[in-house]
Amino acid sequence: MNRLIIVSNRLPFALDSAGTDLWTVTPAVGGLVSAVEPVLRERGGTWIGWPGIAGKIPQGPLAEATRDAGYNVVPVALSETERDEFYYGYSNEVIWPLFHDLQNFCNFEPAYWPAYKQVNERYADAIIRNAQPDDFIWVHDYHLMYVAQALRERSTSRNRLALTFFLHIPFPPYDIFAKLPQQRRLLHALLQFDLLGFQTRRDVRNFLQCVRRVMPGTKVLSRGDTHVIRFEKRKIRIGHFPIGIDFDSFENGAKSEAVTQRSQRLRASFPDCQLMLGSDRLDYSKGIPERLRAFRDALERYPEMRSRVVLIQIVVPSRVEIPRYHEFKGRIDRLVGDINGRFSTSTWVPVQYHFRGLDREDLLAHYRACDIAFLTPLKDGMNLVAKEYCACRTDEDGALILSQFAGAAEQLKPDALLVNPYDVEQMADTIVKAFRMSPAERTVRMKRMRRMVRKENVFWWVDSFLKAGATLGGRSSRAFEKRRGSATLQSVKA
């Protein structure tokens, strides 16, 4: 069986110094880790990435952290300057806001691009040192879009490798992408991969539009959902592969006695109230201020909701050392204070605000306890929280309010209540619609969403992508078959 090599900006854990010769290991969170780590742990392979610290990587703590991983871990070291210019700079001050249609947040600093290339080249070196000719190289996300270009420049022997890439964030339309100073160089680098995967059909359409406009001489062949680009005497396959979750893990966790008891205690804390959940990482793309303004508008225009709805807003700290994110948190704090100051009574506080991450049992308890999930990113590659919420609704009850600009909307419509996160009044009206929705309608909608999330789970996602890449260079899909519990890496049409 061919080995699976995962290449991503971060390893599935982070090292952090706790003092002289003392280190802490923190499991990473997010869509990539929750989706890929269980598969790699089960089938074995290698994960190449950065452990989250600048400078020299301590080998002892690294070995201890990966001893029971079930796969090999190859760390990539970054200096403080590289961290600042590659990670905080080009990746998160250029690509992240631009690809989320928030170009006003971009900082097109010229020094960032050379640092981005340099770090991608270091990842390419790590692949060269650890890959064998028949390995399946799966590169992930916007930090590493230059890796295939670096590999083809550095080693002709590695030109025989089948190089695949999956973008977890959205791909912007041409009018947005055209603002990128390195637009042609970045597209050229992406076209050095053999398979490019995106979250949604919209992302695929945007990418193909950019290729046609920016890269003259390319030829795009499309038939249904199958797309092939002819470029520099090569064929690059393009597809959409919506990422899923480990449905059974979330469902079984939600049914556990510990989660059941936590859920019951949470509900008992707010008698006679419907609970509405917002859960996001601290980021300006998540639409948190707009969501709070919508809740405030609903309380103003619909007095029936007062003392009867509580919004539990969880914000997981992220990049708080960056001034823009610190200022963004202040904006959220002020909105929460304004709502609670304006509407609270002696027995009811409308917004329960938590600026911290929840442990897994606590998070699942919130999913089970909350009658409504209110997830309204301005733009999102997928939004796995929406799928996790559905998986945990074991009573097949609950309403989902979801941004139409989240990738998950393509799969969860029409049963999710889709909203425009820029339209505060529409979101307020939709809160009231969810609040008033009959139990029978909630059940019908939730049953259908749960069926979809169960079917198109993380293993279906991996199956789909590996099947699409299995025949690259004449490979047989048999090379990727491996049973994982009830899931088999088998043929699934991408």
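Worth saying up front: this structure is predicted, and the values here are computed from it rather than measured.

K.L.:
Describe the overall build of the chain, naming the residues involved and giving the relevant values.
P.N.:
Assigned secondary structure in the chain consists of 18 helices and 19 strands. Here the C-alpha radius of gyration of the chain, 23 Å, is about what a compact globule of 494 residues would show, namely 23 Å. Summarising its shape, the C-alpha atoms of the chain cover approximately 70 × 50 × 45 Å along the three principal directions. Expressed as a percentage of the 494 residues in the chain, the buried residues total 60%.

K.L.:
Which residues make up the nonpolar core, and what values do they have?
P.N.:
One finds Phe207 and Trp461 to be the most contacted residues of the largest nonpolar core, which totals 181 residues. If you tally residues by element for this core, the top one is helix 3 (residues 80–99), at nine residues.

K.L.:
Tell me about the sheet that holds strand 14 (residues 351–354), and please be specific about residues and values.
P.N.:
Hydrogen bonds between backbone groups are what pair the strands of a sheet, and the pairing can be parallel or antiparallel. Spatially, six strands are ordered 14-13-12-15-16-17 in an open sheet, and the strand pairing comes out parallel. Two strands close off the open sheet at either side, each with one partner strand: strand 14 and strand 17 (417–419). Strand-to-strand twist in this sheet, taken as the mean axis angle between neighbours without regard to direction, amounts to 20°. Here strand 16 (residues 399–403) pairs with strand 17 via three bridges, running parallel.

K.L.:
Just give me the short version of the sheet that holds strand 9 (residues 219–223), but keep the residues and values in it.
P.N.:
Spatially, 5-4-1-6-7-8-11-10-9 is the arrangement adopted by the nine strands of the open sheet, whose pairing is mixed. Pairing within the sheet leaves two strands with one partner each, and these edge strands are strand 5 (72–75) and strand 9. Averaged over all pairs of adjacent strands, the angle between strand axes in this sheet comes to 20°, irrespective of strand direction.

K.L.:
Account for the environment of Thr443, naming residues and giving values.
P.N.:
Its place among the elements puts Thr443 in helix 17 (residues 439–455). Taking the relative accessible area as the measure of exposure, Thr443 reaches 25% and is therefore partly exposed. In the structure, Thr443 is positioned 47 residues away from Glu396 in sequence and 5.4 Å away in space, judged by C-alpha atoms.

K.L.:
Talk me through the packing of helix 9 (residues 247–255) against helix 17; I want residue IDs and the actual numbers.
P.N.:
Closest axis-to-axis distance for the helix 9/helix 17 pair is 8 Å, and the angle between their directions is 125°. Comparing the axis directions of helix 9 and helix 17 gives the class oblique. Each of Phe247, Asp248 and Glu251 in helix 9 lies in contact with helix 17, whose residues at this interface are Arg450, Val453 and Arg454. Residues belonging to the contact of helix 9 with helix 17 are distributed by class as follows: two nonpolar, no polar and four charged.

K.L.:
Which residues make up the environment of Ile6, and what values do they have?
P.N.:
Note on placement: Ile6 falls in strand 1 (residues 4–10). Ile6 sits in the buried class, given a relative accessible area of 0%. Separated by 156 residues in the primary sequence, Ile6 and Ala162 place their C-alpha atoms 13 Å from one another. In contact with Ile6, not counting residues within four places along its chain, are Val36, Leu40, Thr46, Trp47, Ile48, Trp138 and His140.

K.L.:
Outline the side chain of Thr218, listing residues and values.
P.N.:
Examined against the element boundaries, Thr218 turns out to sit in the loop between helix 8 (201–214) and strand 9. A distance of 2.8 Å separates the side chain of Thr218 from the backbone oxygen of Met215, its partner in a polar contact. The residues contacting Thr218, other than those within four sequence positions of it, are Leu191, Val211, Ile229, Arg230 and Phe231.

K.L.:
Describe the environment of Leu15, listing the residues and the values that go with them.
P.N.:
Residue placement: Leu15 occurs in strand 2 (residues 13–19). Among the residues examined, Leu15 registers a relative accessible area of 2% and is labelled buried. In this structure, Leu15 is in contact with Trp23, Thr24, Val25, Pro51, Gly52, Ile53, Ile57, Pro58, Pro61 and Leu62, ignoring residues within four places of it in sequence.

K.L.:
Mind laying out helix 18 (residues 458–470), listing which residues take part and the relevant values?
P.N.:
Residues lying three or four places apart along an α-helix face the same way, a consequence of the helix completing one turn every 3.6 residues. Here helix 18 contains 13 residues, and its C-alpha end-to-end distance of 18 Å stays within 8% of the 18 Å for a straight helix at 1.5 Å per residue. With twelve of its 13 residues buried, helix 18 lies for the most part within the structure. Three or more residues of helix 18 are buried, namely Val458, Phe459, Trp460, Trp461, Val462, Asp463, Ser464, Phe465, Leu466, Ala468, Gly469 and Ala470. Residue Asn457 occupies the N-cap position of helix 18, its side-chain oxygen lying 3.0 Å from the main-chain nitrogen of Phe459.

K.L.:
Describe the packing of aromatic side chains, listing the residues and the values that go with them.
P.N.:
Applying the stated criterion across every chain yields a total of 26 aromatic pairs. An angle of 35° between the planes, with centres 5.1 Å apart, marks the rings of Phe165 and Phe193 as tilted. Note that Phe165 is positioned in strand 7 (residues 163–166) and Phe193 in the loop between helix 7 (183–190) and strand 8 (195–198), a separation of 28 residues in sequence. Each member of the pair, Phe165 as well as Phe193, carries the same accessibility label: buried. Seen from their ring centres, Phe171 and Phe198 are 5.9 Å apart, and the 85° between their planes marks the pair as edge-to-face. Of the two residues, Phe171 is situated in the loop between strand 7 and helix 6 (174–177) and Phe198 in strand 8; the sequence distance between them amounts to 27 residues. Members of the aromatic cluster, joined through ring pairs, are Phe136, Trp138, Phe166, Phe241, Trp461 and Phe465.

K.L.:
Explain the pattern of salt bridges to me, and be specific about the residues and the numbers.
P.N.:
Summed over the entire model, instances satisfying the criterion amount to 29 salt bridges. A salt bridge links Glu410 to Arg201; its shortest N-O distance comes to 3.3 Å. One end of the pair, Glu410, is in helix 15 (residues 409–412); the other, Arg201, is in helix 8, and 209 residues separate them in sequence. Since its relative accessible area comes to 37%, Arg201 is described here as partly exposed. For Asp338, the salt bridge goes to Arg342, with nearest N and O atoms at 3.2 Å. You can see Asp338 and its partner Arg342 sitting in helix 12 (residues 323–343), four residues apart, about one turn around the helix. Accessibility expressed as a relative area gives 27% for Asp338, which makes it partly exposed. By sharing partners, the salt bridges in this structure join Arg296, Glu300, Asp338 and Arg342 into a single network.

Rules and cut-offs
Residues numbered from 1 in each chain as written. Predicted model: local features only at pLDDT ≥ 70, side-chain atom pairs only at ≥ 80, totals over all residues. Heavy atoms only, no water. Helix = DSSP H or I, 4+ residues; strand = E, 2+ residues; numbered from the N terminus. Rg over C-alpha atoms; globule rule 2.2 N^0.38 Å. Buried < 20%, exposed > 50% of the residue type's maximum accessible area, 1.4 Å probe, protein only. Core = buried A, V, L, I, M, F, W, Y, C linked by side-chain atoms within 4.5 Å. Pairing = 2+ DSSP bridges. Axes fitted to C-alpha atoms, helices over the stretch in contact; angles between N-to-C directions. Parallel < 35°, antiparallel > 145°, perpendicular 65-115°, else oblique. Contact = heavy atoms within 4.5 Å. Nonpolar A, V, L, I, M, F, W, Y, C, P; charged D, E, K, R; others polar. Polar contact = N/O pair within 3.5 Å; in protein donor to acceptor, adjacent residues only side chain to side chain. Expected span 1.5 Å × (residues − 1). Phe/Tyr/Trp six-rings, centres within 6.5 Å; stacked < 30°, edge-to-face > 60°. Salt bridge = Lys/Arg side-chain N within 4 Å of Asp/Glu carboxyl O.

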